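Okay, here's what each chain looks like letter by letter:
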Amino acid sequence: MEFYPAIEKSDLQDIKKFQEHKLRELVVYLENNSPFYQKLFKENNIDITDIQTLEDLQKIPTTSKNDLQQHNDDFFCIPPDKIVDYSTTSGTLGDPVTFGLSDSDLERLAYNEAISFVCAGIRKGDVVQMVTTIDKRFMAGLAYFLGLRKMGASVVRMGPGVPELQWDSIFRYKPKYLITVPSFLLKMIDYAEKHGVDYKNSSVYGAVCIGESIKNQDFTDNILSQKIKEKWDIKLFSTYASTEMSTAFTECEFQIGGHHHPELIITEILDDNENPVEEGENGELTITTLGVEAIPLLRFKTGDIVKAHHEPCGCGRNTMRLGPVVGRKQQMIKYKGTTLYPPAMNDILNDFNTILCYQIVIQSNEIGLDEIIIRLSTEQDHETFVNEVRDHFRAKLRVSPKIEIVDFDILSKTVFNPNSRKPITFIDLR
């Protein structure tokens, strides 16, 4: 079946040879069609015939999101009349970055999601409820729809929010899987319990979780995942992707990391000096897209700190797997001698059932050091609760951030912004 690619179960050397062939095709395509990479090759005296192996990638400078933002138009390899869809992704300098997709790019996107959903156990004929937006120029929702359609699943396009409507749809159309931000499952459970919805006897078997981590680095369930499963006995599958990659890393039934699709993307894990990390070490995921027509990327630094896993997987795929994202490189916080990333703070805050919503704010103080402010809403006695939260931070992370109690009606409007497909729980004001 086409959704079980043979290359993913091939010998590692065969996978490497396959990727090197695709890489050679890519650099020729970029040399002929990409104004940005034509200039990069010329300025760095790169002869593309020297790029023959995956190791040769290190002869080429990396590309960053700043490059995409400052030279957005120069990344396009096809004329505007071949663009079928425009998507945008947030930029590091303020304005969003535009991504165009050709007809073949949409086919590639559909194939990527189809093989990823098959990885998570979704099959032809399954009903899948999309609890995520498909509009507002987000690529993700479109990708999910195209992938499900391609693999022969039935789609219920619900969009985010409105728990009452989600439950109505679940009992009406009986989906086996949901695609959702995992924290929203807690809102659905809360609504169901308050309104007598028999959610434990619904048709839902599992959820593909987007936008938020549900696993610790050792692949055990994190606090968010535990809180969901304590209430609702469903399978939760991690998936990790980005607009720039147009590729997803999704868990199989063994749930030990998101599988790499070698026919779609080349991955490198780099240290701060842009050298490959030792096996088992954390580093910045740097990707090279394969088969993209409109905006292919070569050695693009995603900004995500991850660890690659190479141990054999019981599903038979021989591909590398990505563990949960440790954090965003730009969001690294140096606080009183301790290095922190937001996901570690999310886990602590998710440990409290009485927090209605929260937001982590990082800013520089008057002497240029990082300062952490935790804004949260709760119905508990404020002074006692603030001390509990602060003590929990001290015990787990050895830091004591500033904590502010904010009225739920005010804070929720910032956290659950209708223009964002996931809760905005982190703001960096540095």
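What counts and what doesn't
- Residues numbered from 1 in each chain as written.
- Predicted model: local features only at pLDDT ≥ 70, side-chain atom pairs only at ≥ 80, totals over all residues.
- Heavy atoms only, no water.
- Helix = DSSP H or I, 4+ residues; strand = E, 2+ residues; numbered from the N terminus.
- Rg over C-alpha atoms; globule rule 2.2 N^0.38 Å.
- Buried < 20%, exposed > 50% of the residue type's maximum accessible area, 1.4 Å probe, protein only.
- Contact = heavy atoms within 4.5 Å.
- Areas by Shrake-Rupley, 256 points an atom, 1.4 Å probe, with all protein chains shown as cover.
- Lys, Arg positive; Asp, Glu negative; His and termini not counted.
- Charge placed at Lys NZ, Arg CZ, Asp CG, Glu CD.
- Core = buried A, V, L, I, M, F, W, Y, C linked by side-chain atoms within 4.5 Å.
- Patch = residues over 30% accessible without salt bridge, like charges linked within 9 Å, V, L, I, M, F, W, Y side chains within 5 Å.
- Salt bridge = Lys/Arg side-chain N within 4 Å of Asp/Glu carboxyl O.
- Pairing = 2+ DSSP bridges.
- Axes fitted to C-alpha atoms, helices over the stretch in contact; angles between N-to-C directions.
- Arc of directions from axis to C-beta.
- Phe/Tyr/Trp six-rings, centres within 6.5 Å; stacked < 30°, edge-to-face > 60°.
- Lys NZ or Arg CZ within 6 Å of the ring centre and 35° of its normal.
- Parallel < 35°, antiparallel > 145°, perpendicular 65-115°, else oblique.
- Nonpolar A, V, L, I, M, F, W, Y, C, P; charged D, E, K, R; others polar.

- The name an unreviewed UniProt entry gives the protein chain is AMP-binding protein, with Chryseobacterium pyrolae as the organism.

**Some details on the overall build of the protein chain**
- Across its full length, the protein chain holds eleven helices and 20 strands.
- Radius of gyration (C-alpha) of the protein chain: 22 Å, near the 22 Å computed for a compact globule of 430 residues.
- Taken along its principal axes, the extent of the C-alpha atoms in the protein chain is 70 × 60 × 45 Å.
- By the burial criterion, 53% of the 430 residues in the protein chain qualify as buried.
- Put simply, 66% of the contacts in the protein chain that link residues at least 6 apart link residues at least 24 apart.
- Counting every atom, the protein chain has about 19800 Å² of accessible surface; 47% of that belongs to carbon and sulfur.
- Counting 48 positive and 63 negative side-chain charges, the protein chain places the centres of these two groups 3 Å from one another.

**Observations concerning the nonpolar core**
- In terms of nonpolar packing, the biggest core is built from 40 residues, with F41 and L298 touching the most fellow members.
- For this core, the elements supplying multiple residues, two or more each, are α1 (12–33), α2 (35–43), β2 (97–101), β10 (265–270), β11 (282–289) and β12 (300–309).
- In this structure F41 touches V27, L30, E31, I46, I48, I60 and L298, once residues within four positions along its chain are discounted.

**As for the side chain of T88**
- Within the element layout of this structure, T88 appears in strand β1 (residues 85–89).
- Residue class for T88 comes out buried when judged on its relative accessible area of 14%.

**Observations regarding a nonpolar patch on the surface**
- There is a patch of nonpolar side chains on the surface, built from L356, F408 and F416 and spanning about 230 Å² of accessible area.
- Following the sequence through the fold, L356 ends up in strand β17 (residues 355–364).
- Exposure remark for L356: the relative accessible area of 35% places this residue in the partly exposed category.

**Overview of the sheet that holds strand β20 (residues 426–428)**
- Strands sit in the order β19-β18-β17-β20 across an open sheet of four strands; the sheet is mixed. Here the strands that pair on one side only, and so sit at the sheet edges, are β19 (402–405) and β20. Taken pair by pair, the neighbouring strands of this sheet meet at an average axis angle of 20°, ignoring direction.
- Note that β17 and strand β18 (residues 370–378) share nine bridges and pair antiparallel. Each residue of the ladder has a partner; that of Q359, found in β18, is R375.
- Most of the contacts of helix α9 (residues 342–350) go to β17, to which it runs at about 150°, and overall it touches β17, β18 and β20.

**Details of the pattern of salt bridges**
- Scanning the model with the defined rule gives 18 salt bridges in all.
- Across the salt bridge formed by E43 and K39, the nearest N and O atoms sit 3.9 Å from each other. With E43 and K39 both in helix α2, this residue pair falls four residues apart, about one helical turn.
- A salt bridge links E251 to K215; the shortest N-O distance between them is 2.7 Å.

**Brief notes about helix α6 (residues 163–173)**
- Residues P163, Q166, W167, S169 and I170 constitute the buried set of α6. Around the axis of α6, the buried residues are gathered within 160° of arc, so they sit on the same side. Exposed residues on α6 whose side chains face more than 90 degrees from its buried face are E164 and R172.
- Among the structural elements, β3 (127–130), β4 (154–157), β5 (177–180) and α7 (182–194) are those in contact with the buried residues of α6.
- K174 lies just past α6 and shows a positive phi near 55°.

**Concerning the packing of aromatic side chains**
- One pass over the full model with this rule turns up twelve aromatic pairs.
- Plain terms: the ring middles of F36 and Y37 are 5.1 Å apart, the flat faces sit at 90° to each other, and that makes the pair edge-to-face.
- Judged by relative accessible area, F36 falls into the buried class, the value being 11%.
- Here K176 stacks its cationic end above the ring of Y205, 5.4 Å away from the centre of that ring.

**Regarding the side chain of D126**
- Positionally, D126 belongs in the loop between α4 (103–119) and β3.
- The side chain of D126 is buried and forms no salt bridge, while K176, the nearest opposite charge, is found at 4.4 Å.
- With sequence-adjacent residues up to four places away left out, D126 is seen in contact with G121, A153, S154, K176 and Y177.

**Focus: the packing of α6 against α7**
- It is at 9 Å that the axes of α6 and α7 come closest, and there the two elements cross at 80°. In this view, α6 runs roughly perpendicular relative to α7, as classed from their interaxial angle. Each of P163, E164, Q166, W167 and I170 in α6 lies in contact with α7, whose residues at this interface are F184, K187, M188, Y191 and A192.
- Here the residues of the contact of α6 with α7 sort into seven nonpolar, one polar and two charged.

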